[in-house]
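# Observations on chain architecture
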Amino acid sequence: MSISLLSNTYNRQNWEDAEFPILCQTCLGDNPYIRMMKERYGQECKICNRPFTIFRWCPGARMRFKKTEICQTCSKLKNVCQTCLLDLEFGLPVQVRDEALEITDTIPKGQVNKEYFTQNAEVQMSLEQTPQPYGQLAKAQPPSDVLMKLARSAPYYKRNQPHICSFYVKGECKRGEECPYRHEKPTDPDDPLSNQNIRDRFYGVNDPVAEKLLSRYKELPQLETPEDKTVTTLYIGNVVDMDEQQLRDHFYQYGEIRSVTVVPKQSCAFVQFTQRDAAERAAKECFNKLVIDGKRLTVKWGKPASAQGTGGRSGDGGIFETNYEPVPGLPTVVPMPTNELKTDFFGLSSSSNAAVSATTTSFLPPPPMPPPDLGDYTSSLSYGHMSMPNASGMPPPLSSLRASVHYPSQDPSRVGSTAAHGKPNE
Amino acid sequence: MVKVRKGTKPPPDGWDLIEPTLDEIEAKMREAELAPHEGKRKVETLWPIFKIHHQKSRYIYDLYYKRKTISKELYDYCVKQSVADKNLIAQWKKQGYENLCCLRCIQPRDTNFNKKCICRVPKEKLEEGKVVECVHCGCRGCSG
């Protein structure tokens, strides 16, 4: 393909001329004012072997000169920087990005197929009005968890440092202070990272950097869900200067909260959900990434009541019990529920098995029906008592409310119930 | 032995006084020309030549313009015999170029951005602790 500039004009239109390089922030360096050198058809692209316009610049003081290595078509095919071949959006190797977003774009590697493919891709990209990533990447899902965890938040300028002085390594560099190369010990040659090549990086195969990143992601701590299905409590650590309401505001989205207890002395809090799957969802979504009010909070599972020991119900369990008085009219000794019913707090076990399993899997349970033997509770008398303070423009006193509130959905001060304020039972 | 073109007038008075020094510099130049290039970088090989050339011109320039010990005739004779580089001396008379190392370093066409050499940048304008050694003549800074 690489015909000399003078000899033949055949396929000359395939030679790429560009006005500006496609680069990542790291490669451009920290100085916003840079001078670049441009050479048209300066070199062949290291992927597609077509001549392209190379740019060369110095990314800041004490950095080495960098230049573009692959052509803009190749760069657009993978949405990577022309110089470092890392993804433009996340700064991650192609292999990591493709694995995280489940992209399986295949680019032919044979000479003729490759030429045909780039030609078609170029035509396709020139037809698009607004530039967008090529192929499956354009349709890929929004950033996955893997990418969020692995991506750098700030540019990594250390990558632009000069290379290690090979004379220094041999112990015979005579330039001393003036030497523009780095006088450092080289990395271990057995290290897989010291054996990288540009094609593997581009195609996203056998990339040692990607493998290192992915293995690092796998080693990240995972939150283990406790075996005991009765545990619906999450421990929230590092709770400093935060009130119950803020926690409630955040955790309400995952399901109905039974109670929130803040223990300022130990700067932690316990959030108990009414349902197990809500707690599981909250744990999964929040683990290692819960930030409220600019503070990073740790999320763990609470200890099951059985593990708390028999020496008095101290800690979270005890506090939860005091929050709401038990629902009147329930039998005092409830027979041990079956495994799938352990998350049921409403005494719904009297209804049919199928109905209960439906409620446990749904996001928010339907408002529970009061027990049939509680006629006076739903009568107009108690209803009038609730609406009376609202009519006089005064907020209902909490103590009087608490007296008649038996579970969270009845609590009018609960998040999400502001519209139905004062009419908790409707 | 300083090369003197044949068929010219005999040297003016005072030539015998400066001749030994010029001979010495000439010998040094010869030595530099014959020095092996092994172990040197490509750009490094010409540095001693530039340095000695600068030294020779500087000697004549100092004698005539600074110390004023040689006559106008002798100075003209030296320039004519190419002992002193008149273009380089012409630069030294300009403000800011009093210590210019070589003519290549002020040639804008030789650089990427049509600027002069790094050795022309005043020390205080360079970044802190930067050691320069220009590729043209190995100059470590000839400004200010």
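Going by what an unreviewed UniProt entry lists, chain B is known as Protein BUD31 homolog and is assigned to Rotaria socialis. Note on chain B: under the UniProt heading Subcellular location (unreviewed entry), the record states "Nucleus".

Chain A has the name Pre-mRNA-splicing factor RBM22 in an unreviewed UniProt entry, where Rotaria socialis is given as its organism. The UniProt entry for chain A carries this comment under Sequence similarities (unreviewed entry): "Belongs to the SLT11 family."

## Considering the overall build of chain B
Helix and strand counts for chain B stand at 4 helices and 0 strands. Reading the secondary structure of chain B in the N-to-C direction produces α-α-α-α. The buried share of chain B, taken over its 144 residues, is 37%. Counting only carbon and sulfur atoms, one obtains 52% of the accessible surface of chain B, whose full area is about 9,400 Å².

## A closer look at the nonpolar core
With 32 residues, the main nonpolar core has B:Trp15, B:Ile18 and B:Ile60 as its most contacted residues. When residues of this core are traced back to their parent elements, those giving at least two are helix H1 (15-34), helix H2 (47-66), helix H3 (72-80) and helix H4 (86-92) of chain B. Counting the residues that make up this core, at least three belong to each of domain 1 (14-92) and domain 2 (96-143) of chain B. Apart from the residues lying within four places of it in its own chain, the contact partners of B:Ile18 are B:Tyr59, B:Ile60, B:Leu63, B:Ile70, B:Leu74 and B:Cys78. A:Tyr254, A:Ala269, A:Ala279 and A:Leu297 belong to the second-largest nonpolar core, a separate cluster that totals 23 residues.

## Quick notes on H1(B)
Residue and element names in this part refer to chain B. Between the first and last C-alpha of H1 there are 28 Å, a value that for 20 residues agrees with the 28 Å anticipated at 1.5 Å per step. For H1, every residue scored as buried is listed here: Trp15, Ile18, Glu19, Leu22, Ile25, Glu26, Met29 and Ala32. Each element contacted by the buried residues of H1 is listed here: H2 and H3.

## Section: the sheet that holds strand S4 (residues 233-237) of chain A
All names here are of chain A. Overall, antiparallel pairing links the 5 strands, which are arranged S5-S6-S4-S8-S7 in an open sheet. Of all strands in the sheet, those bounded by a partner on one side alone are strand S5 (257-263) and strand S7 (290-292). With direction set aside, neighbouring strand axes in the sheet form an average angle of 25°. Pairing between S5 and strand S6 (residues 268-273): 6 bridges, direction antiparallel. Its bridge partner being in S6, Thr261 is matched across the sheet by Phe270. Across the sheet, helix H10 (residues 244-251) lies against S4, S5, S6, S7 and strand S8 (295-301), angled at about 140° from S5, the strand it touches most. Taken strand by strand, helix H11 (residues 276-286) contacts S4, S6, S7 and S8, and its axis lies near 135° from that of S8.

## Describing the pattern of salt bridges
Any two side chains of opposite charge can pair, given that their charged atoms come close. Scanning the entire structure with this criterion turns up 19 salt bridges over all chains. For A:Arg182, the salt bridge is made with A:Glu184, and the minimal N-O distance between the two is 2.9 Å. Among the charged side chains, a salt-bridge network with shared partners connects B:Glu26, B:Arg30, B:Glu33 and B:Lys56.

## As for the interface of chain A and chain B
Taken residue by residue, the interface counts 9 residues in chain A and 10 residues in chain B. At the junction of chain A with chain B, the criterion picks out 2 salt bridges. One salt bridge in this structure joins B:Glu127 and A:Arg62, with 3.0 Å as the shortest N-O distance. Inspection of the chain A/chain B interface yields 4 residue pairs in polar contact (both at pLDDT 80 or more). Residues belonging to the side of chain A that touches chain B are distributed by class as follows: 3 nonpolar, no polar and 6 charged.

## Quick notes on helix H4 (residues 111-127) of chain A
Residues and elements named next belong to chain A. The first and last C-alpha atoms of H4 sit 25 Å apart over 17 residues, in line with the 24 Å expected at 1.5 Å per residue. Residues of H4 that are buried include every one of Lys114, Phe117, Thr118, Ala121 and Met125, and no others. Mapping the buried residues of H4 onto a view down its axis gives an arc of 100°, with all of them on the same face. Of the exposed residues in H4, the ones pointing more than 90 degrees away from its buried face are Val112, Tyr116, Ser126 and Leu127. In this structure, the buried residues of H4 make contact with helix H2 (72-78) and helix H8 (198-203).

## Section: the UniProt feature "zinc finger region: C3H1-type" (unreviewed entry) in chain A
If you check UniProt for "zinc finger region: C3H1-type" (unreviewed entry), the listed places come out as residues 158-186 of chain A in our numbering. Secondary structure content for residues 158-186 of chain A is 17% helix and 0% strand, and the end C-alpha separation is 15 Å.

## Considerations on the sheet that holds strand S2 (residues 51-57) of chain A
Residue and element names in this part refer to chain A. Strand order in the open sheet formed by 3 strands is S1-S2-S3, with antiparallel pairing between adjacent strands. With partners counted over all chains shown, the strands left at the sheet margins are strand S1 (36-44) and strand S3 (66-67), one partner each. Relative to S2, S1 runs antiparallel, the two being bridged by 6 bridges. If you follow Met37 over to S2, its bridge partner there is Arg56.

## A word on the state of the cysteines
Under the counting rule described, the total for this entry stands at 0 disulfides over all chains. A:Cys45 carries a free sulfur, and the closest cysteine sulfur to it, the one in A:Cys48, is 3.6 Å from it. A relative accessible area of 0% places A:Cys45 in the buried class. Lacking any disulfide linkage, B:Cys117 is separated from the closest cysteine sulfur, that of B:Cys119, by 3.7 Å. The exposure class assigned to B:Cys117 is buried, which follows from its relative accessible area of 7%.

## Looking at the packing of aromatic side chains
In the structure shown here, the tally under the stated rule is 11 aromatic pairs over all chains. Pairing A:Phe251 with A:Tyr254 gives two aromatic rings, centres 6.1 Å apart and planes at 55°, and the pair type is tilted. Of the residues examined, A:Tyr254 reaches a relative accessible area of 8% and is grouped as buried. Between the aromatic rings of B:Tyr64 and B:Tyr65, the centroid separation amounts to 4.8 Å while the plane-to-plane angle is 80°, which identifies the pairing as edge-to-face. Given a relative accessible area of 18%, B:Tyr64 falls into the buried group. In textbook terms, an aromatic cluster arises when at least three aromatic residues are bridged by ring pairs, as seen for B:Tyr61, B:Tyr64, B:Tyr65, B:Tyr75 and B:Trp92.

## What to know about the confidence of the model for chain B
Averaged over chain B, the pLDDT score is 91; the fraction of residues at 70 or greater is 98%. Scoring the predicted complex yields pTM 0.63 and, for the interface, ipTM 0.79.

Conventions we followed
- Residues numbered from 1 in each chain as written.
- Chains lettered and ligands numbered in written order.
- Predicted model: local features only at pLDDT ≥ 70, side-chain atom pairs only at ≥ 80, totals over all residues.
- Heavy atoms only, no water.
- UniProt positions renumbered as here; feature names shortened; annotations may be inferred.
- Helix = DSSP H or I, 4+ residues; strand = E, 2+ residues; numbered from the N terminus.
- Buried < 20%, exposed > 50% of the residue type's maximum accessible area, 1.4 Å probe, protein only.
- Areas by Shrake-Rupley, 256 points an atom, 1.4 Å probe, with all protein chains shown as cover.
- Core = buried A, V, L, I, M, F, W, Y, C linked by side-chain atoms within 4.5 Å.
- Domains from an automatic or database assignment.
- Contact = heavy atoms within 4.5 Å.
- Expected span 1.5 Å × (residues − 1).
- Pairing = 2+ DSSP bridges.
- Axes fitted to C-alpha atoms, helices over the stretch in contact; angles between N-to-C directions.
- Salt bridge = Lys/Arg side-chain N within 4 Å of Asp/Glu carboxyl O.
- Polar contact = N/O pair within 3.5 Å; in protein donor to acceptor, adjacent residues only side chain to side chain.
- Nonpolar A, V, L, I, M, F, W, Y, C, P; charged D, E, K, R; others polar.
- Arc of directions from axis to C-beta.
- Disulfide = S-S within 2.5 Å.
- Phe/Tyr/Trp six-rings, centres within 6.5 Å; stacked < 30°, edge-to-face > 60°.
- pLDDT = per-residue confidence, 0-100.

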